Amino acid sequence: RTHIIGDDITEIITYRADNGHVFSTGIVTMSAYGAGAATFDAAGVISSVSDENAKKDIQYYTGGIEAILRFNPISYRYNGITGNETEHTYLGFSAQNVYSVLGELGTGKDKSGLMTLQDRSILATLVNGEKDLYRMIMELRAEIETLKRK
């Protein structure tokens, strides 16, 4: 058992089971996780600071439906080189495919040089893709209404 006292004086008890899985009775925060801290709560929600006051050089991202069409979701099993379990099949993306679409906005590299994936960049692209589709639908509705009046 490990006892951790957080900044808010909340006690979090974590333990490692015989199978190597780590369990917690509260919120677990991993500092220096990638570009910042990741917080995992009991509901499975992963969050990190996203306040505009903590950001600079903010620019609006415009990638959308054209980028989405280039994403190629895959099913896969881990081969063991990373220490991840190898039995189960997962759905997701390859970092190489996401890099081919979004470049460094969508990927990174870990300490061993393996490519990593930034899922928020995929989410941002999906949101913009939905906006693209909405605009297309509205344009088609307007065309239909124009044709109906003729």
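Read on for a plain summary of the structure. All figures in this text were calculated on a predicted structure; none of them were measured in a lab.

Rules and cut-offs
Residues numbered from 1 in each chain as written. Predicted model: local features only at pLDDT ≥ 70, side-chain atom pairs only at ≥ 80, totals over all residues. Heavy atoms only, no water. Helix = DSSP H or I, 4+ residues; strand = E, 2+ residues; numbered from the N terminus. Buried < 20%, exposed > 50% of the residue type's maximum accessible area, 1.4 Å probe, protein only. Areas by Shrake-Rupley, 256 points an atom, 1.4 Å probe, with all protein chains shown as cover. Phe/Tyr/Trp six-rings, centres within 6.5 Å; stacked < 30°, edge-to-face > 60°. Arc of directions from axis to C-beta. Contact = heavy atoms within 4.5 Å. Salt bridge = Lys/Arg side-chain N within 4 Å of Asp/Glu carboxyl O. Expected span 1.5 Å × (residues − 1). Core = buried A, V, L, I, M, F, W, Y, C linked by side-chain atoms within 4.5 Å. Polar contact = N/O pair within 3.5 Å; in protein donor to acceptor, adjacent residues only side chain to side chain.

### Focus: the overall build of the protein
Working step 1: Along the protein, the regular secondary structure elements total 3 helices and 10 strands.
Working step 2: Mapped in sequence order, the helices and strands of the protein form the string β-β-β-β-β-β-α-β-β-α-β-β-α.
Working step 3: Split into buried and exposed, the 150 residues of the protein put 16% on the buried side.
Working step 4: Accessible surface for the protein amounts to roughly 12400 Å². Of this, 55% is attributable to carbon and sulfur atoms.

### Notes on the packing of aromatic side chains
Working step 1: The final tally for this structure, using the stated rule, is 4 aromatic pairs.
Working step 2: Residues Tyr76 and Tyr78 carry aromatic rings whose centres are separated by 5.5 Å and whose planes lie at 85° to one another, so their mutual orientation is edge-to-face.

### Thoughts on helix H2 (residues 95–102)
Working step 1: All of the buried residues along H2 are Ala95, Asn97, Val98, Val101 and Leu102. One side of H2 carries all its buried residues, which in axial view fall inside an arc of 160°.
Working step 2: Lining the buried residues of H2 we find helix H1 (65–68), strand S9 (107–109), strand S10 (115–117) and helix H3 (119–149).
Working step 3: Once H2 ends, the next one or two residues include Gly103, with phi positive near 65°.

### What about the pattern of salt bridges?
Working step 1: Tallying each qualifying case throughout the model produces 2 salt bridges.
Working step 2: Where Asp132 meets Arg135, a salt bridge forms, and the shortest distance between an N and an O atom there is 2.6 Å. Of this pair, Asp132 and Arg135 both sit in helix H3, 3 residues apart, roughly one helical turn.
Working step 3: A residue is classified by how much of its surface remains accessible, and Asp132, at 16% relative accessible area, is buried.
Working step 4: Judged by relative accessible area, which is 45%, Arg135 ranks as partly exposed.

### Concerning the side chain of Ser121
Working step 1: Mapped onto the elements, Ser121 comes out in helix H3.
Working step 2: Overall, Ser121 belongs to the buried group, its relative accessible area being 11%.
Working step 3: Leaving out residues up to four positions away in the same chain, Ser121 has contacts with Leu102, Leu105 and Gly106.

### A closer look at H3
Working step 1: With 31 residues, H3 should cover 45 Å at 1.5 Å per step; its first-to-last C-alpha distance of 46 Å lies within 8% of that length.
Working step 2: Those residues of H3 that sit buried are Ser121, Ile122, Thr125, Asn128, Gly129 and Asp132.
Working step 3: Where H3 is buried, its residues contact H1, H2 and S10.

### Observations concerning the nonpolar core
Working step 1: By size, the foremost hydrophobic cluster in this structure holds 6 residues: Ala67, Phe71, Val98, Val101, Leu102 and Ile122.
Working step 2: In terms of residue count, H2 provides more of this core than any other element does, 3 residues in total.
Working step 3: Apart from the residues within four sequence positions on either side, Val98 is in contact with Phe71, Phe93, Gly103, Gly106, Thr107, Leu117 and Ile122.

### Points about the side chain of Thr107
Working step 1: On the secondary structure map, Thr107 appears in strand S9.
Working step 2: Within the structure, the side chain of Thr107 is placed 3.3 Å from the backbone oxygen of Gly103, a separation counted as a polar contact.
Working step 3: Among all residues touching Thr107, those that are not within four sequence positions of it are Ala95, Val98, Tyr99, Met115, Thr116 and Gln118.

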